[in-house]
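Overview (structure and organization)
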Amino acid sequence: MKKKIEQLAWTIFLVIPLSIMGQKDFSKEKSKLDALGISVDANLRITNSQANRIMFVWDSIYDIGKKQQINYVLNDSIWEQLIIQEISRAEQKNQAQLITRLHYYLAHIYHSRKLYTKSIPIQLQIIKAKQYLTKQQLQKTYTKIEKAYVLTNQLNKALAIRKLRLSLGMTEGSYDLYQDFELHELALKDFLLYEHLNNYKKEVDKYRYYKILGNLYFELGKIDSARKYFTIGLNISDQQIQDPNKKTPLNLHTSGKASFLGLLGKCYLAEHQYKKAIEYLLIDIEQSDDDKNNKLFKMIHLANAYIGNKELKNAKSSIRKIEQLTKDKEDKRIALRMNEMKSNYFLLANQLDSALFYSNLYNTQKDTHNEIIRKNQAILLLSNIEAEARKKDLILTKAKLDKERADKKAQLVFLWGSIIVIIMAGISLIVLVINNIQKSKSKQLIESKNEENELLLKELHHRVKNNLQVIYSLINLQKRRLVSPELHQSLSMVQNRIKTMSLVHQNLHENDNFKEVNLASYIKTISDYLKSLYFREEKEINIQLEIENSIELSMDKAITIGLLINEILSNSLKYAFKGKSEGCISIDVQKLHTGIQMKIKDNGIGFIPDQHNSKSLGLYLIENLVKQIQGRYEIETFEGTTYLIYFNA
């Protein structure tokens with residue numbers, strides 16, 4: 001009987017809403033679609049293919065400069081329904097190109113709704129059939145899938161997409177990755193290095209520049225600087241609104257103005273000027289019906305402003321609206337903000353049980369969030385994105401010097417050509433002598449410039465090494481304030497990895513070869529450093545090196561190998577000889593026919609890999625570092641622990 005009652009309840013729960021949905025009146029949506037030239041029946045079913053018309057309508061609105069305008073005409077669920085119908089029809093006819101193009105728009109809808117478990121598989125499918133996309137569509141797809149990976153904490157996959165985008169010239173900097181994982185100073189530095197206002201030709205594009213720059217300063221706590229750039233953007237929008245001759249639709253400038261007012265409201269909120277914050281944020285929210293993401297974040301700021309101003313009724317109303325906007329969204333960072341906001345609201349309302357519940361929920365999520373951020377920060381710092389930026393900077397500097405030399409040479413050729421034309425034939429010999437002298441000077445100048453370039457390269461490696469040492473010292477200062485031994489140990493491991501990278505630049509700075517690192521010398525330096533770090537007088541640990549002296553590696557590969565040595569050797573020195581007074585570690589690196597074999601062995605107590613902590617950051621880094629050099633590795637645990645690593649030279 002109980003089972004029948006449960007079945008009846010589920011039937012009522014499922015069937016009644018479906019019957020209500022089936023009876024929904026779509027007359028308004030049908031009228032809007034008819035006006036756009038898209039023919040549907042009363043239930044929004046498409047009888048004949050409308051795919052090309054749907055894509056044309058979308059693109060004609062999107063190309064104006066603001067995708068969200070299409071949502072103002074019809075909401076996302078309607079477009080989703082239409083596009084899915086067209087995809088089904090195209091699949092029946094095996095129209096691969098049309099399927100890919102329609103998937104591009106469907107993925108865009110899911111991404112804007114933060115439904116990343118739906119958007120990511122479709123975007124991966126699109127990339128496999130990228131020949132059917134325009135260059136702009138492919139670039140936007142790469143950008144969105146990278147962002148989706150970031151927001152779902154899949155940083156390694158996001159970094160792989162970022163490196164691909166860098167190699168294809170789709171982007172230059174990485175400020176947004178640094179910003180997502182709270183490395184705000186690096187984000188600002190990277191943005192100022194690669195993003196230049198001159199690259200933003202349209203006024204509406206300048207809005208984006210000043211918003212990003214202002215937000216970067218805001219996240220660093222520099223409210224005055226943030227307000228400065230938000231105000232510049234606001235003034236530009238005011239100028240555009242007053243000029244009726246512009247081709248850009250007026251609503252883009254009015255929306256831009258409202259957005260900058262909302263950002264200024266955020267500054268007032270940070271300064272606890274709640275009334276001004278509420279005034280400015282309300283203006284932005286009223287203009288944000290066609291930009292749901294902007295509306296969501298400004299509503300969160302507004303709710304916090306109401307709480308700060310002790311307006312309980314308005315705060316409660318805002319929180320309810322935010323819950324509607326965040327329904328089904330896969331964004332844990334928004335959930336974190338919501339729980340903090342609810343805790344503050346219930347505390348103000350003197351509902352202490354609810355306040356405590358949301359406070360505990362927030363603290364639990366915050367701890368998880370901080371752990372994810374910490375690990376991702378370590379991955380970001382260990383990745384070679386910053387190194388790639390330095391390389392590009394060096395290449396640009398070299399190109400500038402080459403251009404200056406070419407310009408000077410062209411000027412000299414033109415000068416002497418003019419002299420030859422006007423000087424009499426009788427003094428041609430003198431001209432030839434002078435020309436020879438000039439060639440000699442040019443040769444000396446080139447040689448001088450080459451020497452200067454070598455000095456610049458040497459100085460570059462020296463400065464990188466010093467910068468890494470500064471980071472090392474800053475972490476030392478932070479360690480002194482820590483109470484937790486686990487955090488202290490984690491920071492020490494990060495310091496070791498930083499030291500390993502700095503040793504490469506030290507090696508390049510101290511030698512005449514600026515391109516390759518001698519592996520034997522580099523590994524000896526690392527092992528001496530780690531032994532001095534972990535050596536204890538009561539233990540006698542011997543490190544034996546057998547490395548071919550002829551092995552030379554590029555800087556990038558040497559850094560990766562150094563980080564591998566650091567992780568494995570640190571593990572051995574710390575854990576392998578517990579309970580033993582003496583031990584031996586051997587590092588054997590030999591050239592093979594197909595590449596290089598590196599064998600690191602200790603005669604310690606050993607460990608069983610399957611029983612080892614799978615969440616160990618050390619083993620995680622070893623695995624990913626081996627992948628980075630396109631190698632493979634094995635672990636043996638007979639009479640100690642042995643790592644066998646193979647990679648191409």
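Residues numbered from 1 in each chain as written. Predicted model: local features only at pLDDT ≥ 70, side-chain atom pairs only at ≥ 80, totals over all residues. Heavy atoms only, no water.

On to the overall build of the chain, then. A count of helical and extended segments in the chain gives 25 helices and seven strands. A burial count over the chain gives 42% of its 649 residues as buried. Of all intrachain contacts in the chain linking residues separated by at least 6 positions in sequence, the fraction that spans at least 24 positions is 64%. Surface exposure of the chain reaches about 36700 Å², of which carbon and sulfur atoms provide 54%. (Helix = DSSP H or I, 4+ residues; strand = E, 2+ residues; numbered from the N terminus. Buried < 20%, exposed > 50% of the residue type's maximum accessible area, 1.4 Å probe, protein only. Contact = heavy atoms within 4.5 Å. Areas by Shrake-Rupley, 256 points an atom, 1.4 Å probe, with all protein chains shown as cover.)

Our next topic: the environment of N566. You can see N566 is positioned in helix 24 (residues 555–576). Each C-alpha atom, one on N566 and one on Y529, is 9.8 Å from the other, the two residues being 37 residues apart in sequence.

The subject of this paragraph is the nonpolar core. Of all hydrophobic cores here, the largest spans 51 residues; its most connected members are W79, L82 and I83. Every element with two or more residues in this core is listed here: helix 3 (51–62), helix 5 (76–92), helix 6 (96–112), helix 7 (116–128), helix 8 (135–151), helix 9 (155–167) and helix 19 (352–382). For this core, the element with the most residues is helix 6, which contributes nine residues. (Core = buried A, V, L, I, M, F, W, Y, C linked by side-chain atoms within 4.5 Å.)

For an α-helix the count is 3.6 residues per turn, leaving residues at separations of three or four pointing the same way. Taking 1.5 Å of rise per residue, 17 residues should cover 24 Å, and helix 5 covers 24 Å from first to last C-alpha, within 8% of that figure. All of the buried residues in helix 5 are D76, I78, W79, E80, L82, I83, Q85, E86, I87, R89 and A90. Just past helix 5, the residue N94 takes up positive phi, approximately 55 degrees. (Expected span 1.5 Å × (residues − 1).)

Let us now look at the side chain of D190. Residue placement: D190 occurs in helix 11 (residues 184–194). An unpaired buried charge is present at D190: no salt bridge exists, and R162, the closest side chain of opposite charge, is 6.2 Å distant. Apart from the residues within four sequence positions on either side, D190 is in contact with G173, S174, Y175 and Y178. (Lys, Arg positive; Asp, Glu negative; His and termini not counted. Salt bridge = Lys/Arg side-chain N within 4 Å of Asp/Glu carboxyl O.)

On to helix 8. The end-to-end C-alpha distance of helix 8 is 25 Å, a good match for the 24 Å that 17 residues give at a rise of 1.5 Å each. Most of helix 8 is tucked away, with twelve of its 17 residues classed as buried. Looking only at helix 8, the buried set comprises Q137, L138, K140, T141, Y142, K144, I145, E146, A148, Y149, V150 and L151. A positive phi of about 60 degrees marks N153, the residue just after helix 8.

Two faces belong to every sheet, and in a regular strand the side chains alternate between them. The alternating pattern of strand 5 (residues 596–602) places I596, M598, I600 and D602 on a buried face, while none of Q597, K599 and K601, on the opposite face, is buried. Where strand 4 (residues 582–591) meets strand 5, seven bridges bridge the pair, whose relative direction is antiparallel. For V589, the partnering residue across the bridge sits in strand 5 and is M598. The loop that links strand 4 with its antiparallel partner strand 5 comprises four residues. Bridge count for strand 5 against strand 7 (residues 641–647) is seven bridges, and the pairing is antiparallel. By the bridge assignment, I596 is partnered in strand 7 with F647. (Pairing = 2+ DSSP bridges.)

Going through the model one piece at a time under the given rule, you end up with ten aromatic pairs. Relative to Y358, the ring of F357 lies with its centre 5.0 Å away and its plane at 80 degrees, an arrangement referred to as edge-to-face. Through pairs of rings, three or more aromatic residues link up here, namely F191, Y209, Y210, Y217 and Y229. Here K211 stacks its cationic end above the ring of F260, 5.6 Å away from the centre of that ring. The side chain of R632 reaches across the aromatic face of Y646, ending 4.6 Å from its centre. (Phe/Tyr/Trp six-rings, centres within 6.5 Å; stacked < 30°, edge-to-face > 60°. Lys NZ or Arg CZ within 6 Å of the ring centre and 35° of its normal.)

To continue, consider the packing of helix 5 against helix 6. Two numbers describe how helix 5 lies on helix 6: the axes approach to 9 Å, and their chain directions differ by 155 degrees. As far as their axial angle goes, helix 6 and helix 5 are roughly antiparallel. Once helix 5 is placed against helix 6, the crossing between them reads as left-handed. On helix 6, the residues that touch D76, W79, E80, I83, I84, E86, I87, A90 and E91 of helix 5 are L98, I99, L102, H103, Y105, L106, I109, Y110 and S112. (Axes fitted to C-alpha atoms, helices over the stretch in contact; angles between N-to-C directions. Parallel < 35°, antiparallel > 145°, perpendicular 65-115°, else oblique. Left-handed = near helix turned anticlockwise from the far one by under 90°.)

Inspection of the sheet shows strand 2 (residues 540–547) paired to strand 4 by eight bridges, in the parallel sense. For Q544, the partnering residue across the bridge sits in strand 4 and is S586.

Turning to the pattern of salt bridges, a few remarks are in order. A complete count under the given rule lists twelve salt bridges for this structure. Put simply, K524 and D528 hold a salt bridge, and the shortest N to O gap is 3.0 Å. Of this pair, K524 and D528 both sit in helix 23 (residues 519–534), four residues apart, roughly one helical turn. Through salt bridges that share partners, E146, R162 and R165 make up one connected network.

Once that is clear, we can look at unusual backbone geometry. A positive phi angle is found at N94, which is not glycine, with a value near 55 degrees. Within the fold, N94 resides in the loop between helix 5 and helix 6. With phi around 55 degrees, Q630 is a residue other than glycine that occupies positive phi space. Relative to the assigned elements, Q630 resides in the loop between helix 25 (617–628) and strand 6 (632–636).

Take the environment of G631 next. Looking at the element boundaries, G631 is found in the loop between helix 25 and strand 6. Separated by 36 residues in the primary sequence, G631 and G595 place their C-alpha atoms 9.7 Å from one another. Ignoring sequence-local partners within four residues, the contact set of G631 consists of V626, Y646 and F647.

Moving on, we come to the sheet that holds strand 7. Taken in spatial order, the five strands of this open sheet run 2-4-5-7-6, and their pairing is mixed. For this open sheet the edge positions go to strand 2 and strand 6, each flanked by a neighbour on one side alone. Neighbour to neighbour, the strand axes of the sheet diverge by 10 degrees on average, direction disregarded. Relative to strand 2, helix 23 is tilted by about 170 degrees, and along the sheet it contacts strand 2 and strand 4.

Next up on the list: the packing of helix 8 against helix 9. At a closest axis distance of 8 Å, the pairing of helix 8 and helix 9 adopts a crossing angle of 155 degrees. Taken together, the axis directions place helix 8 and helix 9 in an arrangement best described as roughly antiparallel. Seen from above, helix 8 lies across helix 9 with left-handed handedness. Contacts between helix 8 and helix 9 pair Y142, T143, I145, E146, Y149 and V150 from the former with L155, K157, A158, I161, R162, L164 and R165 from the latter. Across the contact of helix 8 with helix 9, the residue classes tally to eight nonpolar, one polar and four charged. (Nonpolar A, V, L, I, M, F, W, Y, C, P; charged D, E, K, R; others polar.)

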